[in-house]
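Here is what each chain is made of, one letter per residue.
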Amino acid sequence: MKRRNFITTAAVGSAGLASASAMASNNYGQSKEFNLKHNINHSVCEWCFNDIPLEDFLKTLNELGVKAIDLVGPKDWPTLKKYDIHCSMCNGAEISLTEGWNNPKYHEQLIKNYTEMIPKVAEAGYTNLICFSGNRDGMNDYVGLQNCVDGLSQIIPLAEEHGVVIQMELFNQVNHPDYMCDNSLWGVELCKHLGSDNFKLLFDIYHMQIQEGDIIRSIQNYHPYFGHYHTAGVPGRHEIDETQELYYPAIIKAIHDTGFKGYVAQEFIATWDDKIEALKDGFMRCDI
């Protein structure tokens, strides 16, 4: 076969495979019966579907048999309770993603916020409360780590008293340039310095694939420090189907094999016309 003919034939074949893959991807959730095994505690981040009225979305989660939602604050907790949906990751105590525990000038406000919020989380029957490192702003990582220890140490005893777990999220430098808690090792070192089961890392698979890769190895090596997981496709933070580079069934199996009993929350931005079908597809890919 001549080289030119081969290239033309290969190109046509590749286009056909890509088209078939796209069709399979968009039909996955519809072609398989939606029936969760519940070996994984599924959740979903509310902000990714906030164009759907909250009550309608909670009704849908009930229909799907998904009993948790992420990143909801006290204002909406009564609505969650109305539909018997658990808040698997609470928010509302943080200042912002960029103004966090690594900078002492925010400690007074953060300590006040978290001191007020921790008892509210516990009283509502929830466990997890998110926090952020903040940006470096020229600060050395070792200095920032010690600043986080100094500040967080002042609220961890209260978290232990109320059974609340403070969870710092890991972000990548592409979407969140200058954010300090941008790698597993820095976050794990912070956990070790604090030395409390009531401080963990929120391991965002999307962010850490972009920042450091080797996702399964990180889960295997550092899972005692990971208290929560977020999903999304790379690149783009879209569906976790064949259009992106991560193979979530293997990742979720690795999480399950560690004995993890917490929540895995979908945090992708849907591109399908039917966003609920996209969400169902994500749940099924993470159901082992």
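Criteria and thresholds
- Residues numbered from 1 in each chain as written.
- Predicted model: local features only at pLDDT ≥ 70, side-chain atom pairs only at ≥ 80, totals over all residues.
- Heavy atoms only, no water.
- Helix = DSSP H or I, 4+ residues; strand = E, 2+ residues; numbered from the N terminus.
- Buried < 20%, exposed > 50% of the residue type's maximum accessible area, 1.4 Å probe, protein only.
- Contact = heavy atoms within 4.5 Å.
- Areas by Shrake-Rupley, 256 points an atom, 1.4 Å probe, with all protein chains shown as cover.
- Axes fitted to C-alpha atoms, helices over the stretch in contact; angles between N-to-C directions.
- Parallel < 35°, antiparallel > 145°, perpendicular 65-115°, else oblique.
- Nonpolar A, V, L, I, M, F, W, Y, C, P; charged D, E, K, R; others polar.
- Polar contact = N/O pair within 3.5 Å; in protein donor to acceptor, adjacent residues only side chain to side chain.
- Arc of directions from axis to C-beta.
- Salt bridge = Lys/Arg side-chain N within 4 Å of Asp/Glu carboxyl O.
- Pairing = 2+ DSSP bridges.
- Right-handed = clockwise from strand over helix to strand, strands pointing away.

Looking at an unreviewed UniProt entry, one finds the protein chain named TIM barrel protein, with [Muricauda] lutisoli as its source organism.

Q: Quick question: what am I supposed to make of the overall build of the protein chain here?
A: Regarding its fold elements, the protein chain presents 11 helices and eight strands. Residues counted as buried form 52% of the 288 residues belonging to the protein chain. When contacts within the protein chain are restricted to residue pairs at least 6 apart in sequence, those whose partners lie at least 24 apart make up 74%. About 13,200 Å² of surface is accessible on the protein chain, with carbon and sulfur atoms providing 50% of the total.

Q: Is there a simple way to explain the packing of helix α9 (residues 215–222) against helix α10 (residues 248–257) in this structure?
A: Any two packed helices are characterised by the angle at which their axes cross and by the distance between the axes. Contact geometry for α9 and α10: axes closest at 9 Å, N-to-C directions at 5 degrees. It follows from the interaxial angle that α9 and α10 lie roughly parallel. On α10, the residues touching I215, I216 and I219 of α9 are A250, I251, A254 and I255. Of the residues in the contact of α9 with α10, the class split is seven nonpolar, no polar and no charged.

Q: How should helix α11 (residues 275–285) be read in this particular structure?
A: One turn of an α-helix holds 3.6 residues; hence residues three or four places apart share an orientation. The buried fraction of α11 is high, at 10 of 11 residues. Taken together, the buried positions of α11 are occupied by I276, E277, A278, L279, K280, D281, G282, F283, M284 and R285. Capping the start of α11 is the job of one residue whose side-chain oxygen sits 3.1 Å from the backbone nitrogen of I276: D274.

Q: What am I meant to see in α10 here?
A: Within the sequence span of α10, burial applies to Y248, I251, I252, A254 and I255. The buried residues of α10 occupy an angular sector of 155 degrees when projected down its axis, which confines them to one face. In the segment just after α10, G259 is the residue with positive phi, at about 85 degrees.

Q: Sorry, what's going on with the pattern of salt bridges here?
A: Side chains that differ in charge, positive against negative, can pair when their charged atoms come close. Across all of its chains, the model carries 13 salt bridges by this definition. Put simply, D182 and R136 hold a salt bridge, and the shortest N to O gap is 3.1 Å. Here D182, found in the loop between β5 (165–169) and α7 (184–194), pairs with R136, found in the loop between β4 (128–131) and α5 (141–152); they are 46 residues apart in sequence, far enough to count as distant. On the accessibility criterion, R136 (15% relative accessible area) is buried. Taking the shortest distance from any N to any O, the salt bridge between R285 and D281 comes out at 2.6 Å. Taken as a pair, R285 and D281 lie in helix α11 at a separation of four residues, close to a single helical turn.

Q: What's the story with the pairing of strand β6 (residues 199–204) in this structure? I'm lost.
A: With six of its six residues buried, β6 lies for the most part within the structure. Bridge count for β5 against β6 is four bridges, and the pairing is parallel. When the bridges of β6 are listed, E169 appears paired with L202. On the question of chirality, the crossover connecting β5 to the parallel β6 by way of α7 is right-handed.

Q: Is there a simple way to explain the environment of P119 in this structure?
A: Its place among the elements puts P119 in helix α4 (residues 107–123). Residue P119 is classed as partly exposed on the basis of its relative accessible area, which comes to 26%. It is 8.4 Å that separates the C-alpha atoms of P119 and V164, two residues lying 45 residues apart in sequence. For P119, the residues in contact, after removing those within four places along its chain, are Y114, L158 and H162.

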